[in-house]
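Secondary and tertiary structure notes
Each chain, written out:
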Amino acid sequence: MTETLTYTRKDFQSDQEVKWCPGCGDFTILASIQSFFAEAGLPRENFVVISGIGCSSRFPYYMNTYGMHTIHGRAPAIASGIAITRPELSVWVTTGDGDALSIGGNHFIHLMRRNVNVKLVLFNNQIYGLTKGQYSPTSEVGKITKSSPMGSIDRPFNPVSLALGAEASFVARTIDMDRKHTMEILRAAYEHRGTALIEIYQNCNVFNNHAFLELTGKQIRDENRINLEHGEPVLFGPEGEHAVILENGAAKVVPTASVDASQILVHDAHAVNPSVAFALSRLSHGPHGPTPLGIFRNVERPVYEDVLQEQIDTAQERKGVGDLDKLLRSAGTWTVE
């Protein structure tokens, strides 16, 4: 008989002092993940949290699980190794927009395409916080910072578009302060077999305060938040007065009353072809104006470690069990007397 495990958030809180700036969105994300891990019912020792460098990468210290604070941008590589060799573990990466999309850009896209069973939580505050406010790979054009005093001229990455372009099997977006929505996304990612990207818009109240105000401000959020629900028409606004349609392959916002109901896009997160999910991701380039939140894509495709194990099993059937000691002492060895 399998024992039912009951945890609370407190069981996942470490004894380390949490060292983030007062008011940082990271606190809410930490609370959400700790609460979700407790709810999941998995043995605590079966969770692993891996991070790189940045404010978000302090995360493993604050989780009472196994974990590792690695090096800048390389967390996906470490996490992949763990997931492949210990498939019974639930492996999570916490990273920031600078860590994941600048020095870690190649690791990020290759994790997505390989579909290793790793959950990557990307804290996107559109700024470098730990190093005190330089523009990041997701900062908007014209962003004035310490490293771009006349305004950034780099076009920013859209992390959701990037992940979809790399054929990620699960891609979602949420907001730090919306704990209910974040918990729903975490649960869906946990249940997904394969790589899952969760982009979380995270407020940095010191270096980029109110960057997501259009999606969080009480007076304006309903006008801008497009909540994607699988199987439901894409409508938004206080009274559903705005709709999303497809026009020449591009997603477009129109007044609901201006189109026939049959023209309104019905969201299909399970569509094998990611082109419509990609079109939705292009509705906004950053948290300005109507911005989709929720699960863009959730599809099944072969998981990297499953296919690798199949190859190992096939090789053993053809050649028999390998002898590492014999291999090491084969051709090219000699004895020193």
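Rules and cut-offs
Residues numbered from 1 in each chain as written. Predicted model: local features only at pLDDT ≥ 70, side-chain atom pairs only at ≥ 80, totals over all residues. Heavy atoms only, no water. Helix = DSSP H or I, 4+ residues; strand = E, 2+ residues; numbered from the N terminus. Expected span 1.5 Å × (residues − 1). Buried < 20%, exposed > 50% of the residue type's maximum accessible area, 1.4 Å probe, protein only. Contact = heavy atoms within 4.5 Å. Pairing = 2+ DSSP bridges. Axes fitted to C-alpha atoms, helices over the stretch in contact; angles between N-to-C directions. 1 Å grid on protein atoms, 1.4 Å probe; cavity = no way out; pocket = protein on both sides within 12 Å on 5 of 7 lines; lining within 4 Å. Points joined across faces, edges and corners; volume = space filled by probe spheres on them. Nonpolar A, V, L, I, M, F, W, Y, C, P; charged D, E, K, R; others polar. Parallel < 35°, antiparallel > 145°, perpendicular 65-115°, else oblique. Left-handed = near helix turned anticlockwise from the far one by under 90°.

What follows is about helix H7 (residues 179-191). For H7, spanning 13 residues, the distance from its first C-alpha to its last is 18 Å, which sits close to the expected 18 Å at 1.5 Å a residue. Listed in full, the buried residues belonging to H7 are His181, Thr182, Met183, Ile185, Leu186, Ala188 and Ala189.

Take Tyr66: it is sitting in strand S2 (residues 66-69). In this structure Tyr66 comes out as exposed when scored by relative accessible area, which is 53%. In this structure, the C-alpha to C-alpha distance between Tyr66 and Ile50, residues 16 residues apart in sequence, is 8.7 Å. Filtering out sequence-adjacent residues up to four positions away, Tyr66 remains in contact with Glu45, Phe47, Val48 and Val49.

Let us now look at unusual backbone geometry. The backbone of Gln126 sits at a positive phi, close to 60 degrees, despite the residue not being glycine. Looking at where Gln126 falls in the secondary structure, it is placed in the loop between strand S4 (118-124) and helix H6 (159-165). The phi torsion at Lys132 lies on the positive side, around 80 degrees, for a residue other than glycine. Position of Lys132 relative to the elements: it lies in the loop between S4 and H6.

Next up on the list: the sheet that holds strand S1 (residues 47-51). Sheets are built from strands that pair by backbone hydrogen bonding, the pairs being arranged parallel or antiparallel. The mixed open sheet is built from 8 strands, whose spatial order is S2-S1-S3-S4-S6-S5-S11-S7. Two strands lie at the open edges of the sheet, namely S2 and strand S7 (225-228), each paired on one side alone. Averaged over all pairs of adjacent strands, the angle between their axes in this sheet comes to 20 degrees, without regard to strand direction. Sheet topology note: the strand S3 (residues 90-96)/S4 ladder contains 6 bridges and is parallel. Each bridged residue has a counterpart across the sheet, and for Thr95 the counterpart in S4 is Leu122. In this fold helix H5 (residues 105-114) packs onto S4 and strand S6 (196-201), with an angle of close to 140 degrees to the strand it touches most, S4. Relative to the sheet, H7 contacts S1, S3, S4, strand S5 (170-175), S6 and strand S11 (291-298), its axis offset from that of S5 by approximately 165 degrees.

With that settled, consider empty space enclosed by the protein. A full pass over the atoms with the stated rule returns 2 cavities of 30 Å³ or more. Contributing to the lining of the largest cavity are 13 residues, with Gln126, Thr138, Phe157, His285 and Gly286 lying nearest its centre. Partitioning the lining of the largest cavity into residue classes produces 4 nonpolar, 6 polar and 3 charged. A volume near 40 Å³ is recorded for the second largest cavity. Forming the boundary of the second largest cavity are Gly73, Ala75, Pro76, Val93, Thr95, Asp99, Ala100, Gly104, Phe108 and Leu120. Looking at side-chain class alone, the lining of the second largest cavity contains 6 nonpolar, 3 polar and 1 charged residues.

Following both chains from N to C, one finds helix H1 (residues 26-40) and H7 inclined at 50 degrees, their axes separated by 10 Å at the closest point. Our classification of the angle between H1 and H7 gives oblique. By crossing handedness, the relation of H1 to H7 is classed as right-handed. Counted together, Thr28, Ala31, Ser32, Ile33, Ser35, Phe36, Glu39 and Ala40 of H1 and Arg179, Thr182, Met183, Leu186, Arg187 and Tyr190 of H7 form the full contact between these two elements. In terms of residue class, the contact of H1 with H7 is made up of 7 nonpolar, 4 polar and 3 charged.

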